[in-house]
Amino acid sequence: MEKTLYILESKINSVNKLSQVEVVLFDKNNGIFSFKSSLMSKYNAEKYQDEILQLLDNCNWFDVKYGVKVNNVEPIYDDEKKNIVALCLDKGMLLKNQINVYSR
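Summary of the structure given here. (Residues numbered from 1 in each chain as written. Predicted model: local features only at pLDDT ≥ 70, side-chain atom pairs only at ≥ 80, totals over all residues. Heavy atoms only, no water.)

1. Some details on the overall build of the protein
Consideration 1: Within the protein, the regular secondary structure consists of 2 helices and 7 strands.
Consideration 2: Shown N-terminal to C-terminal, the secondary structure of the protein runs as helices and strands in the order β-β-β-α-α-β-β-β-β.
Consideration 3: Rg of the C-alpha trace for the protein: 13 Å, near the compact-globule value of 13 Å for 104 residues, within the 12% margin.
Consideration 4: Summarising its shape, the C-alpha atoms of the protein cover approximately 35 × 35 × 30 Å along the three principal directions. (Helix = DSSP H or I, 4+ residues; strand = E, 2+ residues; numbered from the N terminus. Rg over C-alpha atoms; globule rule 2.2 N^0.38 Å.)

And the structure:
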């Protein structure tokens with residue numbers, strides 16, 4: 001598996017009455033991967049998604065997907081190396097239910 005992935009987009013999926021943020025990633029060989037958050041309220045999912053944009057220094061997801069700047073992340077996999085459990089960025093880390101911002 002690739003050590004560096006790039007963010008393509010983010011979307012909020014509805015699961016019953018809850019929401020889940022899915023970050024779609026790709027690698028240099030055009031492989032597609034996804035990182036999914038824990039289930040949360042729609043409000044918290046939108047907040048989580050906005051915090052990701054802040055870590056990427058972007059104001060909207062259109063710029064992330066079609067902008068000139070490529071947003072690379074380092075994935076952290078589970079013990080079996082099958083599922084992505086966290087994403088490391090320059091300014092912080094995305095976990096399943098929270099975002100940790102490194103001290104400034």
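2. Comments concerning the sheet that holds strand β7 (residues 99-101)
Consideration 1: A sheet is described by the order of its strands in space; here 7 strands give the open sequence β3-β2-β1-β4-β5-β6-β7, paired in antiparallel fashion. The sheet is open, and its two borders are formed by β3 (32-36) and β7, each paired with just one other strand. When the angles between neighbouring strand axes are averaged without regard to direction, this sheet yields 30 degrees.
Consideration 2: In the packing of helix α1 (residues 42-55) onto the sheet, the strands contacted are β1 (5-15), β2 (18-26), β3, β6 (92-94) and β7, and the crossing angle to β2 comes to about 30 degrees. (Pairing = 2+ DSSP bridges. Axes fitted to C-alpha atoms, helices over the stretch in contact; angles between N-to-C directions. Contact = heavy atoms within 4.5 Å.)

3. Observations regarding a nonpolar patch on the surface
Consideration 1: Among the surface-exposed residues, Val15, Leu18 and Leu39 lie close enough to one another that they form a single nonpolar patch of about 220 Å² accessible area.
Consideration 2: By the element assignment, Leu18 lies in strand β2. (Patch = residues over 30% accessible without salt bridge, like charges linked within 9 Å, V, L, I, M, F, W, Y side chains within 5 Å. Areas by Shrake-Rupley, 256 points an atom, 1.4 Å probe, with all protein chains shown as cover. Salt bridge = Lys/Arg side-chain N within 4 Å of Asp/Glu carboxyl O.)

4. Topic: the nonpolar core
Consideration 1: Within the largest apolar cluster, 22 residues are counted, with the highest numbers of intra-cluster contacts made by Val23, Leu25, Ile52, Leu87 and Leu94.
Consideration 2: Filtering out sequence-adjacent residues up to four positions away, Leu87 remains in contact with Val23, Leu25, Phe35, Val73, Glu74, Pro75, Gly92, Met93 and Leu94. (Core = buried A, V, L, I, M, F, W, Y, C linked by side-chain atoms within 4.5 Å. Buried < 20%, exposed > 50% of the residue type's maximum accessible area, 1.4 Å probe, protein only.)

5. A word on the environment of Asn83
Consideration 1: Here Asn83 is to be found in the loop between β4 (72-77) and β5 (84-88).
Consideration 2: Separated by 48 residues in the primary sequence, Asn83 and Phe35 place their C-alpha atoms 8.1 Å from one another.
Consideration 3: Excluding residues within four positions of it along the chain, Asn83 makes contact with Ile76, Tyr77 and Asp78.

6. Comments concerning unusual backbone geometry
Consideration 1: Despite not being glycine, Asn30 has its phi angle at roughly 65 degrees, a positive value.
Consideration 2: The residue Asn30 is located in the loop between β2 and β3 in this model.
Consideration 3: Its identity as a non-glycine residue notwithstanding, Asp57 has a phi of 60 degrees, on the positive side.
Consideration 4: You can see Asp57 is positioned in the loop between α1 and α2 (61-66).

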